[in-house]
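What follows is each chain in one-letter form.
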Amino acid sequence: MRASKYNIVTLKETPADAEIISHQLLIRAGFIRKAASGIYSWMPLGLRVLQKVEAIIREEMNRTGAMEVLMPVVQPAELWQESGRWDQYDEELLKFTDRHQRDFCFGPTHEEVITDLARNELKSHRQLPANFYQIQTKFRDETRPRFGVLRAREFVMKDAYSFHLNQQSLEETYQSMHDAYGTILDRMQLDFRPVLADTGSIGGSASMEFHVLADSGEDRIAFSTSSDYAANIELAEAIAPPKDESAPEELNEIATPEVHTIEQVAAFLSVPPESTVKTLIVKGENEPLVALVLRGDHKLNPLKAEKLVGVAAPLSMAEDGEISSAIGCAPGSIGPVNLGLPIIVDRSAAALANFVCGANKDGFHLTNANWARDTTEFSVSDIRDALEGDPSPDGKGVLQFKRGIEVGHIFQLGKEYSTPMNATVLDENGKSIIMTMGCYGMGVSRLVGAVIEQKHDDSGIIWPTNIAPFQVIIIPINAHKSEAVTETSEKLYSELTELGIEVLLDDREGYRPGAKFADSELIGIPHRLVVGDRGLDKGVIEYTERKSSDSKDLPLEGLVENLHRQIRIELNI
RNA sequence: CGGGGCGUAGCGCAGUCUGGUAGCGCACCACACUGGGGGUGUGGUGGUCGUAGGUUCAAAUCCUGCCGUCCCGACCA
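Reading the values: the criteria
- Residues numbered from 1 in each chain as written.
- Chains lettered and ligands numbered in written order.
- Predicted model: local features only at pLDDT ≥ 70, side-chain atom pairs only at ≥ 80, totals over all residues.
- Heavy atoms only, no water.
- Near = heavy atom within 4 Å.
- Polar contact = N/O pair within 3.5 Å; in protein donor to acceptor, adjacent residues only side chain to side chain.
- Helix = DSSP H or I, 4+ residues; strand = E, 2+ residues; numbered from the N terminus.
- Buried < 20%, exposed > 50% of the residue type's maximum accessible area, 1.4 Å probe, protein only.
- Arc of directions from axis to C-beta.
- Contact = heavy atoms within 4.5 Å.
- Pairing = 2+ DSSP bridges.
- Axes fitted to C-alpha atoms, helices over the stretch in contact; angles between N-to-C directions.
- 1 Å grid on protein atoms, 1.4 Å probe; cavity = no way out; pocket = protein on both sides within 12 Å on 5 of 7 lines; lining within 4 Å.
- Points joined across faces, edges and corners; volume = space filled by probe spheres on them.

**Q** Honestly, the protein's contact with RNA strand B in this entry has me stumped. Any pointers?
**A** As a matter of local geometry, RNA strand B sits amid 44 residues, with Arg140, Arg144, Arg151, Asn478 and Glu542 nearest to it. Here the atoms of RNA strand B within 4 Å of the protein split so that 46% fall in sugar or phosphate, with bases taking the remainder. Residue Arg534 places a side-chain N or O atom 3.2 Å away from a sugar or linking oxygen belonging to RNA strand B. Where the surface near RNA strand B is concerned, the elements lending two or more residues are strand E8 (154-164), strand E20 (399-414), helix H14 (513-523) and strand E28 (527-531). Ranked by residues supplied to the surface near RNA strand B, first place goes to H14 with seven residues.

**Q** How should helix H7 (residues 262-269) be read in this particular structure?
**A** Owing to its 3.6 residues per turn, the α-helix brings residues three or four apart onto one side. Taken together, the buried positions of H7 are Ile262, Val265, Ala266 and Leu269. Here the buried residues of H7 occupy an arc of 95° about the axis, which is enough to place them on one side. For H7, the exposed residues set more than 90 degrees away from the buried face come down to Glu263 and Ala267. Where H7 is buried, its residues contact strand E13 (252-255), strand E14 (277-283), strand E17 (355-358) and strand E18 (364-369).

**Q** Whenever I open this one, unusual backbone geometry confuses me. Can you help?
**A** A negative phi holds for most residues other than glycine; trans holds for most peptide bonds. Cis peptide bonds are those with omega within 30 degrees of zero, and the linkage from Leu128 to Pro129 qualifies with -5°. Non-glycine residue Asn354 carries a positive phi angle of around 55°. When you line up the elements, Asn354 lands in the loop between helix H10 (347-350) and E17. Assessed through its relative accessible area of 15%, Asn354 is described here as buried. We note that Asn368 has phi near 60°; this positive angle belongs to a residue other than glycine. One can find Asn368 in strand E18. Of the residues examined, Asn368 reaches a relative accessible area of 16% and is grouped as buried.

**Q** Would you mind going over the sheet that holds strand E16 (residues 343-346) with me for this structure?
**A** Sheet strands pair via backbone hydrogen bonds, and the direction of the pair is either parallel or antiparallel. Strand order in the open sheet formed by four strands is E14-E15-E16-E19, and the pairing between neighbours is mixed. Unpaired on one side and paired on the other, E14 and strand E19 (379-381) mark the two borders of the sheet. For this sheet, the mean angle separating the axes of adjacent strands, direction not counted, is 30°. Note: strand E15 (residues 289-295) against E16, three bridges, orientation parallel. Bridging from a neighbouring strand, Ala291 pairs with Ile343 of E16.

**Q** Quick question: what am I supposed to make of the layout of surface pockets here?
**A** It is a probe the size of a water molecule, rolled over the atoms, that shows where empty space is left. Put simply, the largest pocket is a space of about 1200 Å³. Surrounding the largest pocket, 46 residues form its lining, Arg140, Arg151, Glu406, His409 and Arg446 being those nearest its centre. Taken together, the elements giving at least two residues each to the lining of the largest pocket come down to helix H4 (85-88), E8, strand E11 (219-224), E20, strand E23 (436-443) and helix H12 (444-454). In terms of residue count, the dominant contributor to the lining of the largest pocket is E20 (seven residues). Taken as a whole, the second largest pocket encloses approximately 370 Å³ of empty space. Forming the boundary of the second largest pocket are 19 residues, of which Ala479, His480, Arg508, Glu509 and Lys516 lie nearest the centre. At the level of secondary structure, the elements contributing two or more residues to the lining of the second largest pocket comprise helix H13 (483-498) and H14. Considering every element that reaches the lining of the second largest pocket, the biggest residue donor is H13, with four residues.

**Q** Is there a simple way to think about the side chain of Thr375 in this case?
**A** For Thr375, the position within the fold is in the loop between helix H11 (371-374) and E19. In terms of polar contacts, Thr375 uses its side chain to reach the backbone carbonyl oxygen of Trp371, at 2.6 Å. Contact partners of Thr375, with chain neighbours within four places excluded, come to Pro336, Val337 and Asn370.

**Q** I would appreciate a short explanation of the sheet that holds strand E5 (residues 94-97) in the present structure.
**A** Read across the open sheet, the three strands follow the order E4-E6-E5; overall the sheet is antiparallel. Edge strands, defined here as strands with exactly one partner in the open sheet, are strand E4 (74-76) and E5. The mean inter-strand angle of the sheet, taken between neighbouring strand axes irrespective of direction, is 35°. In the sheet, E5 pairs with strand E6 (residues 103-106) via four bridges, with the strands oriented antiparallel. Counted as the bridge partner of Phe96 is Phe104 from E6.

Structure below.
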């Protein structure tokens, strides 16, 4: 490609509304342009990258035996009403009506459409397992799009849906998707972690997210310093410290006027917050109220709590009025001793001895409280947020936190959609069986941003060769004056192109070398050849690798072959 | 959805407080010079100052409503 005939519009200045580096560089390098909040056009250079990411994903999906399809972006309301998500998805679902006043939505995901397809197409167990995928534009009307392509409203996603006769078959496909995701991210040379995840509103049982590690990531993940254990922070299991076996001391009630928060209690009684407990009152599932007890320095994890039997989901805190009429005191003086409510104690709080807690009497706290001696029945569960430095749940190492960009999410859906939509096949015995499903998403346009977050420097983007918009850039110096430069550049260009290498020849007139160098670095082309009289006189070309910034003079003789070999290695072909 | 910032040329901004001829840099067009790290000069193109209303002899500037956009939070397969 000749740069003079290609749309290359780079900006020297950073756009004011771009906050993070991938967004800034995508705009400055001319890869994307914004049409509206969270809605972008992909320009020629950007589209080349996007399509290369798609190609890698497509290759690896095909390798697993998945079948590519293309489903509609515009979906009829009926399907969403059938699954129950027309109302549940709420505002994020972009709804509209056609000229006949029929309701439609712009697809944010395709479980409904694929399940409808599957129940019509798949009739026999012999057609299973089947895994369909597509690479499609989705629309989610996010309350707050941000970070450019990392959190756009309109975005490109690969989504796959598998159908099975039983759980075991699902688990096999789930594992092959897990492996394929690893391969895809490895091929883009990303530093990533598969982490245990919550299934969220899509439903189902097992689920893993794939996170590209980056400080700009919106998600926090916890992982072990010495094993493979990794989990979304809201899901990471919190391990209790060893039980405090101290002998119980005498229980004391102490007046603590105007002392409510843990900080105040700890300061007033001169004890560390770790020796206190806090008691939170939430709405119960069967009983009106339930008490949750945590160590003073720990934070309640609502996701864990609302999953417990007896606790109402979604988690909702009790009103002050309900608390005072049930317990007889205000929040801030509640404790597990003589409480008269069902009590769920966090593992770490349960390991305490001689702790401080509220006395269930305004203005009073108890010291030296002990579970076995001073409280009635209670259950122990993991209901707190894990903390950095906690022991890893698998017993190896301690937890460390990092930020990640979620680029993939795989779910074992089970019969979440196949049941309401009645997607069945006949088994070996001619019996109708509801299919078991899995779904596997990967953010294609988000991956483009995620790569940049990990691969950039002060000058611009550093693309891995297999997703770079071009693999080689040739910059002639003073081409208008030197026939040798022009001839050599053209020769290199045609020879490399002939070999199937994607070359950008920067033949733009009126650009000084410095501007071309700067553009080549901003755009992030992995290999650069500078052709100038200075080198040609010695029979050499200046070669610069984008990744290392290393420059060296290479003999013109054999240059094309050597570069070709190098690129083949990088492309792994 | 709550809180805050910002809307002036394609991009980055000044001008708004204190009303009076709409500006600067980059980009773009033409010509000349220049030619190994974002050149120089000359001459140009391009703006209903987000929008609607109000105040005023006069509004980018003051007032009110609306819209857009970005940030923080809530939310988020």
